[in-house]
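# Fold and contact review
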Amino acid sequence: MSLPDPAPVIGLIDAFRASKTMFAAVKLGIFDRLHGAPATAAALAAELSAGESAVARLLDGCAALGLLRKTDGVYANEPVADVYLCSSSPHTLRGYVRYSDEALYPLWAHLDDAVREGTPRWTQTFGGQGGIFEQFFRTDEAMHDFLLGMHGFGMLTSPAIAAAFDLSPFRTLADLGGASGHLAIAACERYPHLRAIVFDLPRVAPFAREQAARSSAADRIEIREGDFFQDDLPAADLFALGRVLHDWNEPKIARLLDRIFQCLPSGGGVLLAERLLHDDSVGPLGVNLQSINMLVCTEGRERTPADYARLLGNAGFTQVDYRRTGLTLDAVLALKP
């Protein structure tokens, strides 16, 4: 009897090593240093006050991962590293890489306890009180890294979310918890008549204003400060929630959707940008892993289209529809009768 191929198991055993190789290179500033200025391992080791052999092994690992190229002992960034791993790139994911390294990686070390107890692992991992958002905003640098990471992901997905449905009937979009405003920016750039309000906490507003100012639709995007659970919501005929509902449990989701429903005029809508599970909750793999990530980080989870239809229907919304974009976020649209 032949044994099954062990490659899937061995690949998973090794998977964290690949992530940590990239994380370490970002943390050490390797990709920023090599941006436009290729260098040898010896030169980089001298600049980092590190051992040449160790630096060379890290660089060779990054080259094997397709992040660097090595020519006659000289290392240079591949285009994917220049675009997504350099801090100067407008499309950088460096903030999310740092968040994954410094927050998620330690949290996932306690996944077994999260499964046993059904609760996030912030206190166990980092001590003290508070949850995910208190940790994200504990310092200005931590908040900036988190927002920068979310903006990088948003730049990849928000144009597809804005294009998933015909939003031309709507006139004012209120993007609740809109962070850097990437979804509002994408929607306003696609629909020339649309105006948008990015509604988020006061500490987030300066970052959102900075990003919105760079858009060709800047004159139609307003940044407004507030807490969508506590403060009056902006007047709008379309509300957007981008990666918001997956953070919360169902009672809090019900409260937020009810607040939105009460604010909307008849025919108004709510647009969700979330990762959708298959109907049986198995796959896509990235969504299942993100749902486990929500277990260690928050009180939320990823959901199926039917789950969102039920939550929206309970709040009074009808004509719930969804679109899979093929990217890391999908779209759900529902209307108020």
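What comes next concerns the included structure.

Quick notes on the rules
Residues numbered from 1 in each chain as written. Predicted model: local features only at pLDDT ≥ 70, side-chain atom pairs only at ≥ 80, totals over all residues. Heavy atoms only, no water. Pairing = 2+ DSSP bridges. Helix = DSSP H or I, 4+ residues; strand = E, 2+ residues; numbered from the N terminus. Contact = heavy atoms within 4.5 Å. Axes fitted to C-alpha atoms, helices over the stretch in contact; angles between N-to-C directions. Salt bridge = Lys/Arg side-chain N within 4 Å of Asp/Glu carboxyl O. Buried < 20%, exposed > 50% of the residue type's maximum accessible area, 1.4 Å probe, protein only. Phe/Tyr/Trp six-rings, centres within 6.5 Å; stacked < 30°, edge-to-face > 60°. Lys NZ or Arg CZ within 6 Å of the ring centre and 35° of its normal. Parallel < 35°, antiparallel > 145°, perpendicular 65-115°, else oblique. Nonpolar A, V, L, I, M, F, W, Y, C, P; charged D, E, K, R; others polar. Core = buried A, V, L, I, M, F, W, Y, C linked by side-chain atoms within 4.5 Å.

### Focus: the sheet that holds strand E2 (residues 68–71)
Note on sheets: strands pair through backbone hydrogen bonds, and any given pair is parallel or antiparallel. Strand order in this open sheet of three strands is E1-E3-E2, and the pairing throughout is antiparallel. For this open sheet the edge positions go to strand E1 (39–40) and E2, each flanked by a neighbour on one side alone. For E1 and strand E3 (residues 74–77), the ladder comprises two bridges, and the chain directions are antiparallel. Counted as the bridge partner of Ala-39 is Tyr-75 from E3. Of the strands in this sheet, E2 and E3 touch helix H4 (residues 52–64), which is tilted by about 115° from E2.

### Digging into the pattern of salt bridges
If the charged atoms of two oppositely charged side chains come close together, the side chains can form a pair. According to the stated counting rule, one finds 17 salt bridges in the structure shown. In this structure, Arg-94 engages Asp-32 in a salt bridge whose closest nitrogen and oxygen atoms are separated by 3.7 Å. Remark: Asp-32 occurs in helix H2 (residues 30–34) and Arg-94 occurs in helix H6 (residues 94–108); sequence separation between them is 62 residues. Residue classification places Arg-94 among the buried positions, given a relative accessible area of 18%. According to the relative accessible area criterion, Asp-32 is partly exposed, its value standing at 28%. Within this structure, Asp-112, Asp-113 and Arg-116 form a network of salt bridges that share partners.

### Here we look at the packing of aromatic side chains
A full pass over the atoms with the stated rule returns five aromatic pairs. Plain terms: the ring middles of Tyr-96 and Tyr-99 are 5.1 Å apart, the flat faces sit at 65° to each other, and that makes the pair edge-to-face. You can see Tyr-96 and its partner Tyr-99 sitting in helix H6, three residues apart, about one turn around the helix. The class of Tyr-96 is buried, set by a relative accessible area of 14%. One aromatic cluster is present, built from ring pairs that chain together Phe-228, Phe-229 and Trp-248. When the ring centre of Tyr-105 is taken as reference, the NZ or CZ atom of Lys-20 above it lies at 4.6 Å. Directly above the aromatic system of Phe-261 lies the positively charged group of Lys-336, at a separation of 4.7 Å from the ring centroid.

### Describing the packing of H6 against helix H14 (residues 285–297)
Close contact between H6 and H14 brings their axes to 9 Å; oriented N to C, the two are set at 80°. The orientation of H6 with respect to H14, classified from their angle, is roughly perpendicular. Across the interface between the two elements, Tyr-99, Leu-104, Leu-107 and Trp-108 of H6 pack against Leu-289, Ile-292, Asn-293, Val-296 and Cys-297 of H14. Looking at the contact of H6 with H14 residue by residue, the classes come out as eight nonpolar, one polar and no charged.

### Overview of the nonpolar core
By size, the foremost hydrophobic cluster in this structure holds 31 residues, and its most contacted members are Leu-173, Ile-221 and Leu-271. Those elements that provide at least two residues to this core are helix H10 (140–164), helix H11 (182–190), strand E5 (195–200), helix H12 (205–212), strand E6 (221–225), strand E7 (238–242), strand E8 (269–274) and strand E10 (330–335). No other element matches H11, which puts six residues into this core. Setting aside residues no more than four positions away along its own chain, Ile-221 makes contact with Ala-184, Ile-185, Cys-188, Ala-196, Val-198, Ala-212 and Ser-215. Of all hydrophobic cores here, the second largest spans 28 residues; its members include Leu-241, Phe-261, Leu-311 and Ala-315.

### A word on the sheet that holds E10
Here seven strands make up an open sheet; going across it, the order is E6-E5-E4-E7-E8-E10-E9 and the pairing mixed. Of all strands in the sheet, those bounded by a partner on one side alone are E6 and strand E9 (318–323). Each strand axis lies, on average, 20° off the axis of its neighbour in the sheet, ignoring direction. As paired strands, strand E4 (residues 172–176) and E5 are joined by five bridges and run parallel to one another. When the bridges of E5 are listed, Asp-175 appears paired with Val-198. Together, E8, E9 and E10 form the strand contacts of helix H15 (residues 305–314), whose direction differs from that of E8 by roughly 150°.

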